[in-house]
Structure formats: C-alpha cells, structure tokens
Amino acid sequence: MKLQRLVNANFTKEKTMESMKQIIRDIPDFPKKGIIFKDITPLLSNPAAFQKTINLLKYRYIDKMVSAVVGVEARGFIFASALAYALGVGVVMVRKPGKLPYKTFKETYSLEYGTDTIEIHQDAFRSGQNIVVIDDVLATGGTMAATLNLIQKHFENLNIIEATFLIELDFLKGREKLNGIPIYSMIHY
Ligand code: AMP
C-alpha cells in the first residue's frame with residue numbers, strides 16, 4: 001500500500017514535470033544567434049503551473065528550517081519571493097552592480113566576452129542561518145558559482161541547503177562549477 005502510494009506520487013511528479021516542459025517555451029536565437037532561450041513567462045502567467053512550482057519547492061524545504069531564500073537577479077527574484085512567502089521567511093537579493101542602496105560585498109566573474117559583477121548587502125544574513133539560493137535557469141553555472149562564492153567568502157557559519165533551479169540545461173555542465181553545494185533542478189533538458 002505504502003509502496004503503491006510512493007509509485008503514484010512519483011508518477012504524478014513525472015506527469016507534472018512533463019506538463020511543465022510543455023508550458024515552457026523555446027525561443028531560438030535569443031538574445032543572440034545559437035542560443036535557445038527557455039522562456040518561463042507562459043509558466044508564470046499560468047496560475048496552476050506557477051502554484052504547482054511553488055508548492056513543490058515549498059514541500060521540499062518546509063521541514064529544513066530555512067531562514068531565508070536568496071534570489072538571483074532578475075528572474076530568480078520571482079521564485080525566491082513566492083517561495084519565501086510560502087515558507088514564512090524573508091528574501092535576500094543578489095543584484096547587478098549599483099542597485100543595492102546599503103553597503104555591499106561584490107563578486108566579479110567571467111563571461112564569454114568580458115566580466116560581470118554581482119552584489120549583496122553586507123547585513124544580508126546572520127550567523128547560523130540556513131538558506132536556499134534560487135535562480136530560474138542553470139546554464140553554464142557562472143552566475144550561480146559567483147553567487148555562492150560571494151556568499152561563502154563574506155558570511156561565516158551559514159548553511160547553504162541547496163542551490164535551486166526551475167530548469168537545468170544538463171549539456172552545459174553548469175553543475176560542475178558549483179562544487180560541493182547540493183543542487184536541485186525541477187526540470188532537466
Ligand atoms: P549561467 O551563468 O550561464 O548559468 O546563466 C545563468 C543565467 O542566465 C540565468 O540567470 C538565466 O536566467 C540566464 N540564462 C542562461 N541561459 C539561458 C537560456 N538558455 N534560457 C533562459 N535563460 C538563460
């Protein structure tokens with residue numbers, strides 16, 4: 001009976017993931033030639049799909065004593081704030097340079113051409129907190145690697161429960177850049 005329930009639950013989860021994949025839209029050659037952009041806006045505007053996404057994450061973390069959810073600019077903010085609300089905790093923003101008003105820590109990282117920088121407020125966390133860090137897509141892993149470096153370099157005694165993504169592009173092997181941090185991606189391509 002218990003096994004059957006487990007099988008049913010997994011089957012439902014598989015079906016949910018498949019239906020999510022149907023909702024996410026591929027935009028070829030955006031923002032530049034050769035990139036297939038995973039457009040999540042149809043999922044965000046679909047009430048049942050968005051609610052399912054947040055509920056799935058909520059029940060993944062509900063018993064993990066999460067103290068804060070970290071969102072990576074910009075689409076990460078959407079999932080971070082909904083999940084934080086569902087868990088009854090606060091949101092921390094990792095932002096592009098010049099956007100945060102208070103004192104910040106910064107991390108600069110390499111892109112295909114040039115570099116980029118991200119920032120976080122110096123008072124974003126307290127010692128001993130358990131955090132989940134969330135973004136919409138794990139592609140090459142550069143953005144999340146920089147985010148995790150930024151957090152680990154400047155905040156002591158912080159437990160990163162997981163780096164969480166709605167979508168992981170497996171063929172780009174981004175997870176290899178996030179050494180040591182548990183990763184959860186809802187949907188894989
Ligand atoms: P990366 O640093 O390569 O892992 O890229 C991560 C960031 O770029 C994420 O915040 C995504 O929002 C965005 N991104 C990269 N590739 C894609 C893609 N194919 N479709 C949608 N968003 C992407």
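What comes next is a walk through the structure. None of these values were measured; they are calculated from a predicted model.

As a further point, take the environment of S127. Residue position: S127 is located in the loop between strand 6 (115-121) and strand 7 (130-138). Those residues in contact with S127, other than ones at most four positions away along the chain, are E156 and N157. At 2.9 Å, the side chain of S127 and the side chain of N157 are in polar contact.

Tracing the backbone shows K13 in helix 1 (residues 2-23). Of the residues examined, K13 reaches a relative accessible area of 39% and is grouped as partly exposed.

Before going further, it helps to spend a moment on the site of the ligand. The full set close to the ligand counts 13 residues, and R75, D135, T140, G141 and T143 are the nearest of them. Contacts to the ligand include D136, whose side-chain N or O atom sits 2.8 Å from an oxygen atom. Side-chain polar atom of T143 to an oxygen atom of the ligand: 2.6 Å apart, as the coordinates give it. In the complex, 81% of the free accessible area of the ligand, which totals 490 Å², lies under the protein chains. When atom positions are compared with the pocket grids, the ligand is found to occupy the largest pocket. Broken down by secondary-structure element, the contributors of at least two residues to the shell around the ligand are strand 2 (36-39), strand 7 and helix 5 (142-154).

Our focus in this paragraph is the pattern of salt bridges. All chains considered together, the criterion is met by ten salt bridges. A salt bridge links D39 to R25, with the nearest nitrogen and oxygen atoms 2.7 Å apart. Taken together, the residues D39 in strand 2 and R25 in strand 1 (residues 25-28) connect sequence positions 14 residues apart. Among the salt bridges present, the one from R95 reaches E73, with a minimum N-O distance of 3.0 Å. Of this pair, R95 sits in the loop between strand 4 (90-94) and strand 5 (104-110) while E73 sits in the loop between strand 3 (68-72) and helix 4 (75-87), and the two are 22 residues apart along the sequence. We classify E73 as buried; its relative accessible area is 17%.

Closest axis-to-axis distance for the helix 3 (residues 47-61)/helix 4 pair is 9 Å, and the angle between their directions is 55°. In terms of axis orientation, helix 3 runs oblique to helix 4. Of the two possible hands of crossing, helix 3 and helix 4 adopt the one that is right-handed. Along its contact with helix 3, which presents F50, T53, I54, L57, K58 and Y61, the element helix 4 presents I78, F79, A82, L83, A86 and L87.

To continue, consider the pairing of strand 6. Of all seven residues that make up strand 6, five are buried, and the element is covered over most of its length. Bridge count between strand 5 and strand 6: seven bridges; the pairing is antiparallel. Along strand 6, the bridge assignment pairs F105 with I120. Two successive antiparallel strands, strand 5 and strand 6, enclose a turn made up of four residues, where G114 displays a positive phi of approximately 85°.

Let's shift gears to the nonpolar core. Note on soluble globular proteins: their nonpolar side chains tend to be buried together. I120, F125, I131, V133 and I151 are the most contacted members of the largest nonpolar core, which has 28 residues in total. At the level of secondary structure, the elements contributing two or more residues to this core comprise strand 3, strand 4, strand 5, strand 6, strand 7, helix 5 and strand 8 (159-168). When residues of this core are assigned to their parent elements, the largest contribution, six residues, is made by helix 5. Setting aside anything within four residues of it in sequence, one finds F125 in contact with V70, V92, I120, I131, I151, F155 and L158. Counting 27 residues, the second-largest nonpolar core is a separate cluster that includes M20, I24, L56 and L87.

Definitions and cut-offs
Residues numbered from 1 in each chain as written. Predicted model: local features only at pLDDT ≥ 70, side-chain atom pairs only at ≥ 80, totals over all residues. Heavy atoms only, no water. Helix = DSSP H or I, 4+ residues; strand = E, 2+ residues; numbered from the N terminus. Contact = heavy atoms within 4.5 Å. Polar contact = N/O pair within 3.5 Å; in protein donor to acceptor, adjacent residues only side chain to side chain. Buried < 20%, exposed > 50% of the residue type's maximum accessible area, 1.4 Å probe, protein only. Near = heavy atom within 4 Å. Areas by Shrake-Rupley, 256 points an atom, 1.4 Å probe, with all protein chains shown as cover. 1 Å grid on protein atoms, 1.4 Å probe; cavity = no way out; pocket = protein on both sides within 12 Å on 5 of 7 lines; lining within 4 Å. Sits in = over half its atoms within 2 Å of the grid points. Salt bridge = Lys/Arg side-chain N within 4 Å of Asp/Glu carboxyl O. Axes fitted to C-alpha atoms, helices over the stretch in contact; angles between N-to-C directions. Parallel < 35°, antiparallel > 145°, perpendicular 65-115°, else oblique. Left-handed = near helix turned anticlockwise from the far one by under 90°. Pairing = 2+ DSSP bridges. Core = buried A, V, L, I, M, F, W, Y, C linked by side-chain atoms within 4.5 Å.

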